[in-house]
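# Descriptive structure summary
Chain by chain, the residues run as shown.
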Amino acid sequence: MTTKLKTEVPVPSLAPPLHRLVGIPGLKWLLLLIPLAYTVLLLYYSMISVLKLSVYDENGFTLEYIRQVFTEPLYLKVLGVTLKTACIVTVATLLISYPIAYLLVVMESQRWKKVVMSLVMITLWISLLVRTFTWTVILQDQGVINKMLISLGLISEPIKLLYNTTGVVVGMTHILIPYMVLSLYAVMEGIDRRLVQAAQGMGARPWQAFIQVFFPLSLPGVLSGSLIVFVLGLGYFITPALLGGQGNMMISKLIQENIQTTLNWSMASAISLVLLLATFLLLGLAAWVSRMSPLLKGEK
């Protein structure tokens, strides 16, 4: 009885191996230059073309528009309102988001953890315009909040919650909470909870262990989340425009007014440049604080 040996004939590959494509001279640089050129052309070139209007007009180089930003009472008031609103929104978002992020970390049930995370993230799946108009309905004089307070006898007439700083803070806080929660959760999830248990084992009460051990280790998340929310709050447009009034105009609304109403593109460019420099200054300050503090760098 004879056994026939079957030999497999290798099938030639139709596509060249990946390592051969990578080995093509200059391909690595081409893969880098194409997206870089795309970004420079569509983002930086257009941005620089607008920002240069703040220091150049038909008469040549000038600093008049930037000077007006820091000397005109209207622009100074708008800058103050913008900084104040962004600070209040950042603090409010942090106070609401920290317990939520902490709950997600200590929660044992994976099912409930997914439910809570979904409730936080679902706001990002709804149109920003829809969420803002929802608060318009809730905060108006005949809205749910005023009707409930009147029915409870706490107030006799509706409270002004719309077209002021209160409405803007409420709307922006609701929209920016997911960014803060994700920043805090990403840091809290990496904290070794056995450190808290060890502190409690050495006689510390639960709140003492939290304040002295857990909270300091979560400060990098607090810093990064606050920075993200504050920077986003500085340039927010839709929510302040719909929920705020003329007396609470923010810098984004002022830029829009100069472009569409007064057609003063140079002034709008100067305000944008000031906002951009303030953002860079804030980022640099946060980077310096993180570098100087061993705790914020993650060193334990």
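One can find the structure itself at the top, above this paragraph.
Here's what I pulled together on the structure shown here. (Residues numbered from 1 in each chain as written. Predicted model: local features only at pLDDT ≥ 70, side-chain atom pairs only at ≥ 80, totals over all residues. Heavy atoms only, no water.)

Another point: a nonpolar patch on the surface. A cluster of nonpolar residues, Trp29, Leu32, Leu33, Leu36, Val40, Leu43, Tyr44, Met47 and Ile48, forms a patch on the protein surface that exposes about 890 Å² of accessible area. Position of Leu33 among the secondary structure elements: in helix 2 (residues 27-51). We classify Leu33 as partly exposed; its relative accessible area is 47%. (Patch = residues over 30% accessible without salt bridge, like charges linked within 9 Å, V, L, I, M, F, W, Y side chains within 5 Å. Areas by Shrake-Rupley, 256 points an atom, 1.4 Å probe, with all protein chains shown as cover. Salt bridge = Lys/Arg side-chain N within 4 Å of Asp/Glu carboxyl O. Helix = DSSP H or I, 4+ residues; strand = E, 2+ residues; numbered from the N terminus. Buried < 20%, exposed > 50% of the residue type's maximum accessible area, 1.4 Å probe, protein only.)

Right, let's get into the nonpolar core. If you look at the biggest cluster of nonpolar residues, it comprises 37 residues, and the most contacted ones within it are Leu184 and Met188. Where this core is concerned, the elements lending two or more residues are helix 4 (73-106), helix 5 (110-121), helix 6 (128-139), helix 8 (165-188), helix 9 (194-201), helix 10 (206-217) and helix 11 (219-234). Looking at which element gives the most residues to this core, the answer is helix 8, with 11 residues. (Core = buried A, V, L, I, M, F, W, Y, C linked by side-chain atoms within 4.5 Å.)

Right, let's talk about the environment of Gly167 for a bit. Checked against the element boundaries, Gly167 lands in helix 8. The spatial distance from the C-alpha of Gly167 to the C-alpha of Leu243 is 5.5 Å, given a sequence separation of 76 residues. Not counting the four nearest positions on each side in its chain, Gly167 is found in contact with Leu139, Leu161 and Leu243. (Contact = heavy atoms within 4.5 Å.)

On to the packing of aromatic side chains. A full pass over the atoms with the stated rule returns six aromatic pairs. Seen from their ring centres, Phe210 and Phe214 are 5.7 Å apart, and the 20° between their planes marks the pair as stacked. Of the two residues, Phe210 and Phe214 are both situated in helix 10; the distance of four residues between them amounts to about one turn of the helix. Taking the relative accessible area as the measure of exposure, Phe210 reaches 25% and is therefore partly exposed. (Phe/Tyr/Trp six-rings, centres within 6.5 Å; stacked < 30°, edge-to-face > 60°.)

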